[in-house]
Amino acid sequence: MTVNNELPQSMRQWQENFIEVAAKCSDELLKDAKKYPTYGEATSYIRKVNGMAKGTVDGRFSSAGMKLNDVICELTINRLYDEERQLPIMRGEPDGD
C-alpha cells in the first residue's frame, strides 16, 4: 500500500489563502508600526494592538478574530526583530556611560 503524503488541492489552496491573508495583515500592521521612530516604540504599538483585541471577545467569531490577531501580531513582531537584527554593529560610538 502506497501512502500519498500530498495535500489535496483544496487543502493546499486553503493553506495558501491563510498564508496570504496573514502576510497582507502583517504588512499593513508593520507599515503602521514603522511610523514610530524606534524599533522599541514600533514593538510597543504592535503589542498594544494585540492587547486591544483581547478586550473585545464576546462570541466565537470574536474569539477566532482574537486568535488570528495573536498570530498576525506575533508574525509582525518577529519580522520587526528580524529587520532590527540585520542592522550593523556601531563601532567607535560612545556607549553612554
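Just above sits the structure.
Points about the packing of helix 1 (residues 9–33) against helix 3 (residues 60–85)
Direction vectors running N to C along helix 1 and helix 3 enclose 60°, while the axes themselves pass 9 Å from each other. The orientation of helix 1 relative to helix 3 falls into the category oblique. Our pair here, helix 1 against helix 3, has a crossing hand that is right-handed. The residues of helix 3 that touch helix 1, namely those facing Ala22, Ala23, Cys25, Ser26, Asp27, Leu29 and Leu30, are Ile72, Cys73, Leu75, Thr76, Arg79 and Leu80. Of the residues in the contact of helix 1 with helix 3, the class split is nine nonpolar, two polar and two charged.

Section: the nonpolar core
Judged by nonpolar contacts, Leu29, Leu30, Ala33, Ala42, Ile46, Ile72, Cys73, Ile77 and Leu80 together constitute the single largest core of nine residues. Of all the secondary structure elements, the ones that give two or more residues to this core are helix 1, helix 2 (39–54) and helix 3. Examining the composition of this core, we find that four residues originate from one element, helix 3, more than from any other.

Some remarks on helix 3
When the terminal C-alpha atoms of helix 3 are compared, their 37 Å separation across 26 residues agrees well with the 38 Å that a helix rising 1.5 Å per residue should span. All of the buried residues in helix 3 are Met66, Asn69, Ile72, Cys73, Thr76, Ile77 and Leu80.

Thoughts on the pattern of salt bridges
Going through the model one piece at a time under the given rule, you end up with five salt bridges. Measuring nitrogen to oxygen at the nearest pair gives 3.4 Å for the salt bridge that ties Asp32 to Lys35. Assessed through its relative accessible area of 30%, Asp32 is described here as partly exposed. Linking Asp82 and Arg85 is a salt bridge whose minimum nitrogen-to-oxygen distance equals 2.7 Å. In this pair, Asp82 and Arg85 are both assigned in helix 3, three residues apart and thus about one turn of the helix distant. On the basis of relative accessible area, Asp82 is assigned to the partly exposed category, the value being 41%.

Cut-offs and rules
Residues numbered from 1 in each chain as written. Predicted model: local features only at pLDDT ≥ 70, side-chain atom pairs only at ≥ 80, totals over all residues. Heavy atoms only, no water. Axes fitted to C-alpha atoms, helices over the stretch in contact; angles between N-to-C directions. Helix = DSSP H or I, 4+ residues; strand = E, 2+ residues; numbered from the N terminus. Parallel < 35°, antiparallel > 145°, perpendicular 65-115°, else oblique. Left-handed = near helix turned anticlockwise from the far one by under 90°. Contact = heavy atoms within 4.5 Å. Nonpolar A, V, L, I, M, F, W, Y, C, P; charged D, E, K, R; others polar. Core = buried A, V, L, I, M, F, W, Y, C linked by side-chain atoms within 4.5 Å. Buried < 20%, exposed > 50% of the residue type's maximum accessible area, 1.4 Å probe, protein only. Expected span 1.5 Å × (residues − 1). Salt bridge = Lys/Arg side-chain N within 4 Å of Asp/Glu carboxyl O.

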